[in-house]
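# Residue-level structural notes
What follows is each chain in one-letter form.
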Amino acid sequence: MNKTIYAVLLLLCVSGNARADDAGIRRCRGIADATTRLACYDALVVPAADAKVPASRLPTQAESRNAPVIAATPPVPVNMPQSKIEQFGLENRTSPAVADAIDSYIPGRFEGWEAKSSIKLANGQVWQIADDSNRYVTLSDPKVRIRRGALGSFYLEFDKINHSPRVKRVQ
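Below, the structure is looked at part by part. (Residues numbered from 1 in each chain as written. Predicted model: local features only at pLDDT ≥ 70, side-chain atom pairs only at ≥ 80, totals over all residues. Heavy atoms only, no water.)

Under the counting rule described, the total for this entry stands at 3 salt bridges. Among the ionic pairs, Asp 103 bridges to Arg 145, the shortest N-O distance being 2.7 Å. Of the two residues, Asp 103 is situated in strand E1 (residues 101-105) and Arg 145 in strand E6 (residues 143-148); the sequence distance between them amounts to 42 residues. Residue Asp 103 is classed as exposed on the basis of its relative accessible area of 53%. Between Glu 157 and Arg 147 there is a salt bridge, with the nearest N and O atoms lying 2.4 Å from each other. Of this pair, Glu 157 sits in strand E7 (residues 154-158) while Arg 147 sits in strand E6, and the two are 10 residues apart along the sequence. Judged by its relative accessible area of 28%, Arg 147 falls in the partly exposed class. (Salt bridge = Lys/Arg side-chain N within 4 Å of Asp/Glu carboxyl O. Helix = DSSP H or I, 4+ residues; strand = E, 2+ residues; numbered from the N terminus. Buried < 20%, exposed > 50% of the residue type's maximum accessible area, 1.4 Å probe, protein only.)

Now the structure itself:
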């Protein structure tokens, strides 16, 4: 989905409606001060698809120097998880994940689940049953896969059970 957004933005940038006059852009590039340069870019006029902007309408260096100075805010640091597995299931708390599923196991004896019960995987992740399903089984160190479902949901698949409860990651 992100690739689609980037493609649309790229098409908008190269379309006739989104191009500003090259002389104005070159003039803004020549300004050393960052805030003045930004003000110069902000003052550029984007022409209509079939209209040409006369050079007289472009901002001069003197106009760019007199443009209001806008205080730049520093970028907010984003704490990126170390790997795709660490961020899986926490998309709304971190950056979008790229993994479709993770494989792990539940250490020790597993005796099934009920609604809202928590399951801790061997990789340290804790998932909670998000639907009203329940199942009583006795397994030792069962292999599991958590896969992405539709509309942001996740499903816990067991190696020897033919039922996959909907889950949400809590830790």
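Here the focus is the nonpolar core. In terms of nonpolar packing, the biggest core is built from 18 residues, with Ile 119, Leu 121, Ile 146 and Phe 158 touching the most fellow members. Of all elements in the fold, only strand E4 (126-129), E6 and E7 reach the threshold of two or more residues within this core. A per-element tally of this core places E7 first, with 3 residues. (Core = buried A, V, L, I, M, F, W, Y, C linked by side-chain atoms within 4.5 Å.)

Regarding helix H3 (residues 34-43), the residues found buried are Thr 36, Ala 39 and Cys 40. Here the buried residues of H3 occupy an arc of 105° about the axis, which is enough to place them on one side. (Arc of directions from axis to C-beta.)

Next up on the list: the state of the cysteines. If you walk through the whole model with that rule in mind, you get 1 disulfide. Between the sulfur atoms of Cys 28 and its disulfide partner Cys 40 the distance amounts to 1.9 Å. Sign of the S-S torsion, about -75° for the bond between Cys 28 and Cys 40, identifies this disulfide as left-handed. With Cys 28 in helix H2 (residues 22-29) and Cys 40 in helix H3, this residue pair connects regions lying 12 residues apart in the sequence. Of the two residues, Cys 28 and Cys 40, both sit in the buried class. (Disulfide = S-S within 2.5 Å.)

Inspection of every chain in the model, using the stated rule, returns 3 aromatic pairs. Seen from their ring centres, Phe 110 and Phe 158 are 5.2 Å apart, and the 25° between their planes marks the pair as stacked. Of this pair, Phe 110 sits in strand E2 (residues 109-110) while Phe 158 sits in strand E7, and the two are 48 residues apart along the sequence. A relative accessible area of 6% means that Phe 110 is categorised as buried. Relative to Phe 158, the ring of Trp 113 has its centre 5.1 Å away and its plane inclined at 0°; by these criteria the two rings are stacked. With Trp 113 in the loop between E2 and strand E3 (118-120) and Phe 158 in strand E7, this pair connects stretches of sequence that are 45 residues apart. The same class applies to Trp 113 and to Phe 158, which are both buried. (Phe/Tyr/Trp six-rings, centres within 6.5 Å; stacked < 30°, edge-to-face > 60°.)

Further remarks concern the packing of H2 against H3. Two numbers describe how H2 lies on H3: the axes approach to 9 Å, and their chain directions differ by 170°. One way to sum up the angle between H2 and H3 is to call them roughly antiparallel. Here H2 contributes Gly 24, Ile 25, Cys 28 and Arg 29 to the contact with H3, which in turn contributes Arg 37, Cys 40 and Tyr 41. When its residues are assigned to classes, the contact of H2 with H3 shows 4 nonpolar, 1 polar and 2 charged. (Axes fitted to C-alpha atoms, helices over the stretch in contact; angles between N-to-C directions. Parallel < 35°, antiparallel > 145°, perpendicular 65-115°, else oblique. Contact = heavy atoms within 4.5 Å. Nonpolar A, V, L, I, M, F, W, Y, C, P; charged D, E, K, R; others polar.)

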